[in-house]
Amino acid sequence: MKLKNFIFIVTFLLSTVCAHAAYLLIPMDLEQKNHLKAYGIAYFTIAKDIDVSWLLNYRGGSFMMTYNSKIEDECVIRGVSYQVIADVQAAAILNEIAATESNMDEVKLTKVPKIAVYTPKSKLPWDDAVTLALTYAEIPYDMIYDEEVMNDVLPKYDWLHLHHEDFTGQYGKFWAAYKNAAWYIEDVKNQEATAARLGFKKVSQLKLAVAKKIRDFVMGGGYMFAMCSAPDSFDVALAADGIDICDTPFDGDPMDPQAQQKLNYDNCFAFTDFILVTNPYIYEISDIDVNPAMHVQNKKNDFFTLFEFSAKWDPVPTMLTQNHQKVIPGFMGQTTAFNNNRIKPHIVILGETKIFDEARYIHGTYGNGMFTFYGGHDPEDYQHFVGDPPTDLNLFPNSPGYRLILNNVLFPAAKKQKQKT
């Protein structure tokens, strides 16, 4: 009898827990032990065909999903803070979010985004912040490069990342400093061989063709996220369609002396009226990027502020700016930030540094798709030099700068949601 009573009580308690502890809440405020891996938990959950509620502006952009023991186990394994809450608690949170006076909203993440990272196969002496973030968060991705893009693989993906790439065919303008370095010589050799194999006389022609394929991917509804030198070199390449902007050290012949006057800014995603930097000895493509000396001299004051958007009326920029901090430490890159006077009027500024009159984080639409550009190379390494070791994200599990990258990774899971008008 005692055994039967014990079994009855245990069964009753378990059923009560299951009935009233029906949800997992993953807070994303300062109580979260590992913000970056929390994004991986959200991805893992969607992959299990369980919808995730992204609670915009609620405790730093928290995640909530129906209770599942496998998800709870993953939280424990990955060191992600979570709370098991009853359905009445979940309902109370959603009611708070839905209140007219609150600047919060619920967005359902329902689709696992298929992710591609555009990156060379050869080893280069720098890392990729997005690849580091995806790997640390345990979010799967495919690596593709020029041959795959030219063979039309992009329609297979929802999300494409471009990092530290020079789409103008000038090899990042590393020639002056690194022309005798083994890695630079090998990179030029590989790029030229790929261009020839694909039927192009110059690397700049191949990179332009790749940029056009990426443009068409976005126009058709794809989502592109670009960092460091990729944003400005992408737009410069499109503006210079059919124009030789590469000097002799890069392609063996002089550039078009009328190149600046021939640029077509209508081709660009985000930038306009920029001036090319044509000197091959200057480590810069155009004046889209800000003066790096200004940042080096003001390192202690280098922060950028995220704008606050209406969660209910502007869900897209709100998703992209979810964070536990609104003031983010700055960081440099080959392209550190974007001069405000070179940004097209329709582009949404997500984060800016007013004292430098620059934008660090911007977003826009192109055709049926969207893109986000993020200045700088590594959010946790202020001045990342060629040859520096990659950042160990185990040391920065709560990085607000890396969180912005992962907001973009999850965004396509909700991209079918219509923006309210």
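As a reminder, the structure under discussion sits directly above these lines.
Now for a description of the structure that goes with this document. (Residues numbered from 1 in each chain as written. Predicted model: local features only at pLDDT ≥ 70, side-chain atom pairs only at ≥ 80, totals over all residues. Heavy atoms only, no water.)

A closer look at the overall build of the protein chain
Argument step 1. When its secondary structure is counted, the protein chain shows 15 helices and 15 strands.
Argument step 2. What you see for the protein chain is a C-alpha radius of gyration of 23 Å, in line with the 22 Å of a compact globule of 421 residues.
Argument step 3. Projected onto its principal axes, the C-alpha coordinates of the protein chain cover approximately 95 × 45 × 40 Å.
Argument step 4. A burial count over the protein chain gives 57% of its 421 residues as buried.
Argument step 5. A separation threshold of at least 6 residues defines the contact pool for the protein chain, and within that pool the share at least 24 residues apart is 76%.
Argument step 6. Looking at the protein chain, you have 38 positive and 51 negative side-chain charges, and the mean spots of the two groups are 5 Å apart. (Helix = DSSP H or I, 4+ residues; strand = E, 2+ residues; numbered from the N terminus. Rg over C-alpha atoms; globule rule 2.2 N^0.38 Å. Buried < 20%, exposed > 50% of the residue type's maximum accessible area, 1.4 Å probe, protein only. Contact = heavy atoms within 4.5 Å. Lys, Arg positive; Asp, Glu negative; His and termini not counted. Charge placed at Lys NZ, Arg CZ, Asp CG, Glu CD.)

Quick word on the pattern of salt bridges
Argument step 1. Enumeration according to the criterion identifies 22 salt bridges in this entry.
Argument step 2. A salt bridge links Lys212 to Asp241, with the shortest nitrogen-to-oxygen separation between them at 2.9 Å. With Lys212 in helix 9 (residues 203-219) and Asp241 in the loop between helix 10 (230-239) and helix 11 (248-251), the pair connects residues that are 29 residues apart, well separated along the chain.
Argument step 3. Residue class for Asp241 comes out partly exposed when judged on its relative accessible area of 33%.
Argument step 4. Here the salt bridges share partners, and the residues they tie into one network are Lys37, Glu74, Arg78 and Glu138. (Salt bridge = Lys/Arg side-chain N within 4 Å of Asp/Glu carboxyl O.)

Here we look at the pairing of strand 13 (residues 348-353)
Argument step 1. Across the six residues that make up strand 13, a large majority, five, are buried.
Argument step 2. Pairing of strand 10 (residues 303-306) with strand 13, which is carried by two bridges, proceeds in the antiparallel orientation. Residue pairing across strands places Leu306 opposite Gly351, the latter belonging to strand 13.
Argument step 3. Two strands pair when backbone bridges link them, and strand 13 and strand 14 (residues 358-366) are joined in this way by five bridges, in the antiparallel orientation. The partner of Thr353 across the bridge, within strand 14, is Glu358.
Argument step 4. Where strand 13 folds back onto strand 14 in an antiparallel hairpin, the turn is made up of four residues, including Asp357, whose phi is positive at roughly 55°. (Pairing = 2+ DSSP bridges.)

Focus on the packing of helix 2 (residues 35-47) against helix 15 (residues 400-410)
Argument step 1. For the pair helix 2 and helix 15, the least separation of the axes is 9 Å and the interaxial angle reads 10°. Classified by the angle their axes make, helix 2 and helix 15 are roughly parallel. Of the residues in helix 15, those touching helix 2 at His35, Leu36, Tyr39, Ala42 and Tyr43 are Tyr402, Arg403, Leu406, Asn407 and Leu410.
Argument step 2. Its residues placed into classes, the contact of helix 2 with helix 15 shows seven nonpolar, two polar and one charged. (Axes fitted to C-alpha atoms, helices over the stretch in contact; angles between N-to-C directions. Parallel < 35°, antiparallel > 145°, perpendicular 65-115°, else oblique. Nonpolar A, V, L, I, M, F, W, Y, C, P; charged D, E, K, R; others polar.)

Considerations on the nonpolar core
Argument step 1. With 64 residues, the main nonpolar core has Leu162, Phe167, Phe274, Ile362 and Phe373 as its most contacted residues.
Argument step 2. When residues in this core are grouped by element, the largest group, eight residues, is from helix 9.
Argument step 3. Core analysis: the next-biggest nonpolar cluster, separate from the first, contains 59 residues, Tyr43, Phe304, Leu404 and Phe411 among them. (Core = buried A, V, L, I, M, F, W, Y, C linked by side-chain atoms within 4.5 Å.)

Overview of the sheet that holds strand 4 (residues 83-85)
Argument step 1. In space, the five strands of this open sheet follow the order 4-1-3-2-5, with antiparallel pairing throughout. Sheet topology places strand 4 and strand 5 (105-109) at the edges, where each strand pairs with a single neighbour. The average undirected angle you get between the axes of adjacent strands in this sheet is 25°.
Argument step 2. Strand contacts of helix 4 (residues 87-98): strand 1 (23-26), strand 2 (52-56), strand 3 (62-66), strand 4 and strand 5, with the helix running at about 95° to strand 4, the strand carrying the most contacts.

A few points about the pairing of strand 3
Argument step 1. When you tally the buried positions in strand 3, you get four out of five residues, the bulk of the element.
Argument step 2. Here strand 1 runs beside strand 3; their pairing, made up of four bridges, is antiparallel. Its bridge partner lying in strand 3, Ile26 is registered against Phe63.
Argument step 3. Judged from the three bridges that link them, strand 2 and strand 3 form a sheet pairing that is antiparallel. Each residue of the ladder has a partner; that of Leu55, found in strand 3, is Ser62.
Argument step 4. The loop that links strand 2 with its antiparallel partner strand 3 comprises five residues; one of these, Asn57, has a positive phi angle of about 70°.

What about helix 2?
Argument step 1. Under the 1.5 Å per step criterion, the end-to-end length of helix 2 is 19 Å for 13 residues, consistent within 8% with the ideal 18 Å.
Argument step 2. Within helix 2, 12 of the 13 residues are buried, which leaves the element mostly enclosed by the surrounding structure.
Argument step 3. Residues of helix 2 that are buried include every one of His35, Leu36, Lys37, Ala38, Tyr39, Gly40, Ile41, Ala42, Tyr43, Phe44, Thr45 and Ile46, and no others.
Argument step 4. Capping the start of helix 2, Asn34 holds a side-chain oxygen 3.3 Å from the backbone nitrogen of Leu36, two or three residues further along. (Expected span 1.5 Å × (residues − 1). Polar contact = N/O pair within 3.5 Å; in protein donor to acceptor, adjacent residues only side chain to side chain.)

Topic: unusual backbone geometry
Note: most residues except glycine have negative phi, and most peptide bonds are trans.
Argument step 1. Phi at Arg59 takes a positive value of approximately 50°, unusual for a residue other than glycine.
Argument step 2. With respect to the helices and strands, the residue Arg59 is situated in the loop between strand 2 and strand 3.
Argument step 3. In this structure, Asp152 is a non-glycine residue whose phi angle is positive, near 65°.
Argument step 4. Mapped onto the elements of the fold, Asp152 is located in the loop between helix 6 (146-150) and strand 8 (159-163).

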